[in-house]
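Understanding the architecture of this molecule
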Amino acid sequence: MKRLLACLLLAGAGMVGLAGPAFAHNVLVGSDPKDGTSLEAGPSTVSLTFDLPIQQGDFDVITVTGPGNTRWDGGPAKVDSNVISAPVRPLGAAGQYTVGYRILSADGHPVSGAVKFTLTKAGNGTPATPTAASDAQASTDGSDGSVPVWPWIVGGVVLLGVGVFVALRMGRTPEDSSK
């Protein structure tokens, strides 16, 4: 009975000790322009609103891509609590534009996605140069910032080993140790 109780206590302590807090990734709750909308004139700024504050850093990026895979973002993104915004160059050809984003969520994990809008009347703007667009894309590449799983596996194995050791030591009677 003591052995069973000791195993249960160790298993419970291990689960509580290794359990991390349950966090949720940020969720996009609004955008300007709205996803799927049609506009006669291009916006000078795009903004995305999330349900939780965004962690500020170099990881937060907004890109605006237009017809023919042309780039229209006009500068770096700025974060203000749960809103990220970026300037947009005057748009050119009529067609579908995609506002891509990547942010660092409140829980520390990256979140990415896109919203789209359609420009119904062509503007007179020119896209970003290919060099500027490739530099901006290069800054968005890299690891996703996730924590690897191997430390959790190693911790579980160590905890299991300690639990077995303690259970075996507690299960011995004084007569068993003299043999």
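Attention in this report is confined to the structure presented alongside it. Please read all numbers here as calculations on a predicted model, not as lab measurements. Counting starts from 1 at the beginning of each chain's written sequence and moves along it residue by residue. Reporting in this predicted model follows two pLDDT cut-offs: at least 70 for local features of residues, and 80 or more for side-chain atom pairs to be given and counted; totals over whole chains, interfaces and linings ignore these cut-offs and use all residues. With hydrogens and water excluded, all non-hydrogen atoms of the structure serve as input to the side-chain values.

Turning our attention to the pattern of salt bridges. Salt bridge criterion: a side-chain nitrogen from Lys or Arg within 4 Å of a carboxyl oxygen from Asp or Glu. Applying the stated criterion across every chain, the model contains two salt bridges. Salt-bridge contacts for Lys121 lead to Glu40; the nearest nitrogen and oxygen are separated by 3.4 Å. With Lys121 in the loop between β9 (110-119) and α2 (130-140) and Glu40 in the loop between β2 (37-39) and β3 (45-50), the pair connects residues that are 81 residues apart, well separated along the chain. Residue Arg71 pairs with Asp73 through a salt bridge whose shortest N-O separation is 3.0 Å. A single burial state applies to Arg71 and to Asp73, both of which are buried. Only DSSP runs of H or I with at least four residues qualify as helices, and only runs of E with at least two residues qualify as strands; both kinds are numbered from the N terminus onward. Buried, partly exposed and exposed residues are distinguished by accessible area as a fraction of the type maximum, computed with a 1.4 Å probe on protein chains only: under 20%, between the cut-offs, and over 50%, respectively.

Here we come to the packing of aromatic side chains. The aromatic pairing rule takes the rings of Phe, Tyr and Trp, using the six-membered ring of Trp, and pairs them if the centres are within 6.5 Å, calling planes under 30 degrees apart stacked, those over 60 edge-to-face and the rest tilted. Applying the stated criterion across every chain, the model contains three aromatic pairs. Relative to Tyr97, the ring of Trp72 has its centre 6.1 Å away and its plane inclined at 70°; by these criteria the two rings are edge-to-face. Highlighted residues: Trp72 in the loop between β5 (70-71) and β6 (78-80) and Tyr97 in strand β8 (residues 95-104), separated in sequence by 25 residues. In this structure, Trp72 and Tyr97 share a single accessibility class: buried. Pairing Tyr97 with Phe117 gives two aromatic rings, centres 5.6 Å apart and planes at 10°, and the pair type is stacked. Linking Tyr97 in strand β8 with Phe117 in strand β9, this pair joins segments that are 20 residues apart in sequence. Here Tyr97 and Phe117 have matching classes, each one buried. Over a ring means this: the NZ of a Lys or the CZ of an Arg is within 6 Å of the ring centre and within 35 degrees of the ring normal. We note Arg102 situated over the ring of Phe59; from NZ or CZ to the ring centre the distance is 4.0 Å.

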